[in-house]
Every structure is written in structure tokens, then in C-alpha cells.
Amino acid sequence: MTASWKDGLQIESQNEIFRVHVGGTLQVDSGWNAANQAVESGPGGIGELQDGGLLRRARIRIDGTMFEHIEWVAEYDFANTVENDTATSTQTIGSPSFINAWVGVNDIPLIGTVRAGWMKEPISFEFQKSGRWLNFMERVPGTNSFFTRSIGIMALNQTDNERLTWAFGVFHVEDDNFGFGFGNGEYSEVGRLTWLAWYEDEGQRLLHLGLGARHRHLDQGQIDLRGRPSVRTMPGSLEPSLADTGTIDGTTQDTLDAELAAVYGPWTLQSEYYCTFIHDAVVSSQPPLGTLFYQGTYVELLYFLTGEYQPYELKAATFGRVVPLRNFNILDGPSGWGAWQAGIRYGYLDLQNKGVNGATLNDIVFGLNWFLNPNAKVQWNLAIDHRESTSAGSSGWTYIFGTRLALDF
């Protein structure tokens, strides 16, 4: 076995049949808020948005391959989780939870790869992208409510030229982040199909198209869709949601997702539209509502000021790690200032239907990314949101400026 550094510590056998990678992610965020008083404290308002700082992600990851065909991942997050102990009325922030914990078998004839364990359900371009490599500090509001991780089994494959990929999985609807799922018949069937319609110069010019669909039984017959801010200043479960449907009783949920991404040299374009149908919906003591419909979309445009391009991972069919043309260095050796990227994103989330007032969001984010090297970056984001609510007196604007120092290896 020999050790080397390939954007992280890699330990491999000479024939590469065995490989172990030991790494981690650290993201330190700070944010400052300003909000319309009606949004925070008006009738149906969201509550106070507070300035603050937090460890957004603090993860340890171990992954590798063994006997050439077996792959595995074990990843845990020690930050931004909240555990409540009802017996003692205490709350612990920062308790560890699973992020990924799965085993896969590669090179199965006709099937490709089969994975089993705790993992992302195969749907959505942005959701499949690692949190280490997001173009903005947070995914667009609503993404983490529409898409989720679960415990299950998934098959994935691609054509020989890796231009066409597909994945399908069956998952058990989960109750928490520790891989526990309860309830008879509570399953989720998910599929994703992607096509690289154009791919040249190792991804410096490409056009990606994708479709995803999911049919899911609701966990314990309930669901709550939320749109959290595009810059976080508190642990996720404590951060006020800009849009929130509240608890909806129902039976099943159907979700559709359409993807588009393009790279043309230093330019990057990414967009998605997703919608969901909640069947046999009931809210509080109201009469049955039938099927509720909610939707969201976003489009983002980014440009590398220093000439790099957005890398694309063929097997995962999403964007990956940015590698600067010249790393930041002001001491010995060639000087450099890393890679600089500027971007803007517009997101729309509609959580209002049939009198269930979850609010509608128009989310605009201006971003500036500084990649010091492949393992370290600094991000600055300004998120401007307009919240529109059918509750009189709780609509208005919010402004959040945030910065992130990130390290991953």
C-alpha cells in the first residue's frame, strides 16, 4: 500500500484493487440579516431572523474500494443538527448524524452498479451535487424539502461513452438521520435519466439534460414543505423558514423534476423546474382538500473571471470539484491568486394552494467565490427575498449577507 495526495489522502495498493480515502469537510459561516418588520412579526410572520455564525458542515468521510468491485462510503456530520430529549427537556446542537453510509457492487453485467444503504435518492441535478461544491452557499429554497436521503437500494449505469446515465431506486421512508424507518408500506420509488447532448474538450463545452420522477408514501402520513433562507445564520432546524406549509396529512406524494445545465468555457448555466402533488391532503380541521400542488424553479449564471471552467462528473451526472489554473501562492514558487467566480441566481418557490398558506418566495442571490486551491475556498453571498403571503400583513423583503470559509479534502 502507498499513500499519496489526490485532492485528499489516498491509500492504494499497487494494483489499485484496494483503495481508502480519509477526508473531511469544514464550512464556517457567518451572516447578517435585515428584514421587513411585517415578515418577522406581522400576522402569520416567520419570527425573528438573527445575525450569527455557525459550523454549517463539519464532516468526516471515509470511502474506498476493495477487491476491485466493491465500493463503500461512511460519512458523518457533527454540525448543524439538533436533537431534542423530551424526557429531560434538553436540546443538543451538533450531535453527529449520518450523511452517507452505503455499500456498492460495480461492474454487474447489464445492471452496472448496485448500492444499498443510507444515501441520496436519485433525483435533481442540484441535490445530487455535493454540498462541498455548491455554486452558492445554500441550495435554492425548497430543495431540501422536495428531495431527501433515505435508506434503500439503487441501481445505476451509463452507456460506454458515459453520455447517457440512468438510476432507479426503492427506498424506505425515514423517520430520522440514523437510517431508521418505520411504517408498513411506506416506500419511495425514484428514477433519474440524464443525457449529455453536447460534450467537447473534456467538459469545457457541454449541454446536460435530465428528467427525474418519484412516487412516495408519506412518512407517518404527514409532510411539511419549507423554504429556508439562502444564507444560514443558525442551525437548520432553528432557522426560521421564509415559507412553510405546516403539517399536511396525506397518503402519497408524486414529484417531477426537469434539469438543464450548460458549460461554455468560463460560463456556467444551470436550471431546474420541479413540482410535487400531495394526494388525499387534509390540514387541521378543514374538509379534505384532495390533491395539493406545489412547485419551484431556479436559474443561475456564473462566470470564471480567471479562465477556469466548471468540471462535470460523468458518472454522477452533475458538477464537481473546481481546480484553479494557478493556486493561491504569495511565497516560494509560482505566484497565483487562485480562481475567482461571480454569479447570480434567481429562485421561485410556490407553497400556496387551496388555502394552505405556505407563502411564495422570489429569491435572488449574488455570489462571489474565491477558490484558493482545489481544497479551500471563500464564498460571499447576498440573498434578497420577497415573501408573498396570503395572510395579511406578513409579506415583504428580507436581506441576508453571508460569508463562508470552506475546507475539504
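Everything that follows concerns the structure shown earlier in this document.
Description of the overall build of the protein
Turning to step 1, where the next piece is worked out: Helix and strand counts for the protein stand at three helices and 26 strands.
Turning to step 2, where the next piece is worked out: The C-alpha radius of gyration computed for the protein amounts to 22 Å, which stays within 12% of the reference 22 Å derived for 409 residues, consistent with globular compactness.
Turning to step 3, where the next piece is worked out: The principal-axis extent of the C-alpha atoms belonging to the protein is close to 65 × 50 × 50 Å.
Turning to step 4, where the next piece is worked out: The buried share of the protein, reckoned over its 409 residues, is 49%.
Turning to step 5, where the next piece is worked out: The contacts of the protein with a sequence gap of at least 6 include a subset with a gap of at least 24, amounting to 62%.
Turning to step 6, where the next piece is worked out: If you sum the accessible surface of the protein, you get close to 18,100 Å²; carbon and sulfur atoms cover 60% of it.
Turning to step 7, where the next piece is worked out: Distance between charge centroids for the protein: 3 Å, based on 28 positive and 47 negative side chains.

Here's the deal with the layout of surface pockets
Turning to step 1, where the next piece is worked out: Roughly 150 Å³ of internal volume is contained in the second largest pocket.
Turning to step 2, where the next piece is worked out: Every residue along the wall of the second largest pocket is listed here: Asn106, Asp107, Gly112, Thr113, Leu156, Asn157, Gln158 and Lys315.
Turning to step 3, where the next piece is worked out: Listed by contribution, the elements that provide at least two residues to the lining of the second largest pocket are strand E8 (97–108), strand E9 (112–120) and strand E10 (149–158).
Turning to step 4, where the next piece is worked out: With three residues, the single largest contributor to the lining of the second largest pocket is E10.
Turning to step 5, where the next piece is worked out: Taken together, the residues of the lining of the second largest pocket break down into one nonpolar, five polar and two charged.

A closer look at the pattern of salt bridges
Turning to step 1, where the next piece is worked out: Considering all chains together, one arrives at 20 salt bridges under this definition.
Turning to step 2, where the next piece is worked out: Two residues, arginine 404 and aspartate 29, come together in a salt bridge whose shortest N-O distance is 2.8 Å. Placement of the pair is arginine 404 in strand E26 (residues 396–408) and aspartate 29 in strand E3 (residues 19–35), with a sequence separation of 375 residues. One exposure class covers both arginine 404 and aspartate 29, and it is buried.

Observations concerning empty space enclosed by the protein
Turning to step 1, where the next piece is worked out: Counted by the stated rule, this structure contains two cavities of 30 Å³ or more.
Turning to step 2, where the next piece is worked out: By volume, the largest cavity is sized at about 110 Å³.
Turning to step 3, where the next piece is worked out: If you go around the largest cavity, you meet 17 residues; those closest to its centre are Arg132, Trp133, Phe371, Lys377 and Asp408.
Turning to step 4, where the next piece is worked out: Of all the elements, E26 adds the most residues to the lining of the largest cavity, at three residues.

Brief notes about the nonpolar core
Turning to step 1, where the next piece is worked out: Counting 35 residues, the largest nonpolar core has Phe146, Ile248, Ile278, Leu292, Tyr294, Leu351 and Val356 as its most contacted members.
Turning to step 2, where the next piece is worked out: Contributing elements (two or more residues each) for this core: E10, strand E11 (164–172), strand E19 (267–281), strand E20 (290–304), strand E23 (339–353) and strand E24 (356–373).
Turning to step 3, where the next piece is worked out: When neighbours within four sequence positions are excluded, valine 356 is seen to be in contact with Thr245, Ile248, Val283, Leu289, Leu292, Tyr294 and Leu351.
Turning to step 4, where the next piece is worked out: One finds Phe125, Leu196, Ala261 and Val263 within the second-largest nonpolar core, a separate group that totals eight residues.

Concerning the environment of histidine 172
Turning to step 1, where the next piece is worked out: Tracing the backbone shows histidine 172 in strand E11.
Turning to step 2, where the next piece is worked out: With 22 residues separating them in the primary sequence, histidine 172 and serine 150 have C-alpha atoms 6.4 Å apart.
Turning to step 3, where the next piece is worked out: There is a polar contact of 3.4 Å between the side chain of histidine 172 and the backbone oxygen of glutamate 186.

Concerning the packing of aromatic side chains
Turning to step 1, where the next piece is worked out: Taken as a whole and assessed by the stated rule, the structure comprises 18 aromatic pairs.
Turning to step 2, where the next piece is worked out: Ring geometry for phenylalanine 125 and phenylalanine 319: centres 5.1 Å apart, planes at 80 degrees, overall edge-to-face. Taken together, the residues span a long stretch of sequence, with phenylalanine 125 in helix H2 (residues 125–128) and phenylalanine 319 in strand E22 (residues 318–319) at a distance of 194 residues. Take phenylalanine 125 and phenylalanine 319: they sit in the same class, and that class is buried.
Turning to step 3, where the next piece is worked out: Their ring planes at 50 degrees and their centres at 5.1 Å tell us that phenylalanine 277 and phenylalanine 293 sit as a pair that is tilted. In this pair, phenylalanine 277 is assigned in strand E19 and phenylalanine 293 in strand E20, connecting sequence segments 16 residues apart.

The rules behind the values
Per-chain numbering applies: the sequence of each chain, read as written, is numbered from 1 onward. Confidence filtering applies because this is a predicted model: local features only for residues at pLDDT of at least 70, side-chain atom pairs given and counted only at 80 or more, and all residues used for totals across whole chains, interfaces and linings. The side-chain figures draw on all heavy atoms in the structure; neither hydrogens nor water molecules are used. Here a strand is any run of E in DSSP of at least two residues, a helix any run of H or I of at least four, and the numbering for each starts at the N terminus. Note on method: radius of gyration uses C-alpha positions; expected globular size equals 2.2 Å times residues raised to 0.38. Burial classes: relative accessible area under 20% of the type maximum marks a residue as buried, over 50% as exposed, and values in between as partly exposed (1.4 Å probe, protein chains only). In this description, contact between two residues means that some pair of their heavy atoms is separated by no more than 4.5 Å. For accessible areas, the Shrake-Rupley method is used with a probe of radius 1.4 Å. Any residue's cover is judged against the shown protein chains and nothing else. The charge count treats Lys and Arg as positive and Asp and Glu as negative. His and the chain ends do not count. For this purpose, a charge sits on NZ of Lys, CZ of Arg, CG of Asp or CD of Glu. Here a cavity means grid points, on a 1 Å grid over the protein atoms only, where a 1.4 Å probe fits yet cannot get out; a pocket means an open set of points with protein on both sides within 12 Å along at least five of seven lines; lining residues are those with an atom within 4 Å of a point. Grid points are joined across faces, edges and corners, and a volume is the space filled by probe spheres set on the points. Residues are grouped as follows: Ala, Val, Leu, Ile, Met, Phe, Trp, Tyr, Cys and Pro are nonpolar; Asp, Glu, Lys and Arg are charged; all remaining types, including Gly, are polar. A side-chain nitrogen of Lys or Arg and a carboxyl oxygen of Asp or Glu constitute a salt bridge if their distance falls within 4 Å. What we call a nonpolar core is a set of buried Ala, Val, Leu, Ile, Met, Phe, Trp, Tyr and Cys residues that are connected through their side-chain atoms within 4.5 Å. Counting of polar contacts relies on pairs of N or O atoms within 3.5 Å, with two restrictions inside protein: one atom must be capable of donating a hydrogen and the other of accepting it, and residues adjacent in sequence are counted only when both atoms are side-chain atoms. Each Phe, Tyr or Trp ring (for Trp, its six-membered ring) is paired with any other whose centre lies within 6.5 Å, and the angle between the two planes then decides the class: stacked below 30 degrees, edge-to-face above 60, tilted in between.

On their own, these measurements won't tell you what the molecule is for.
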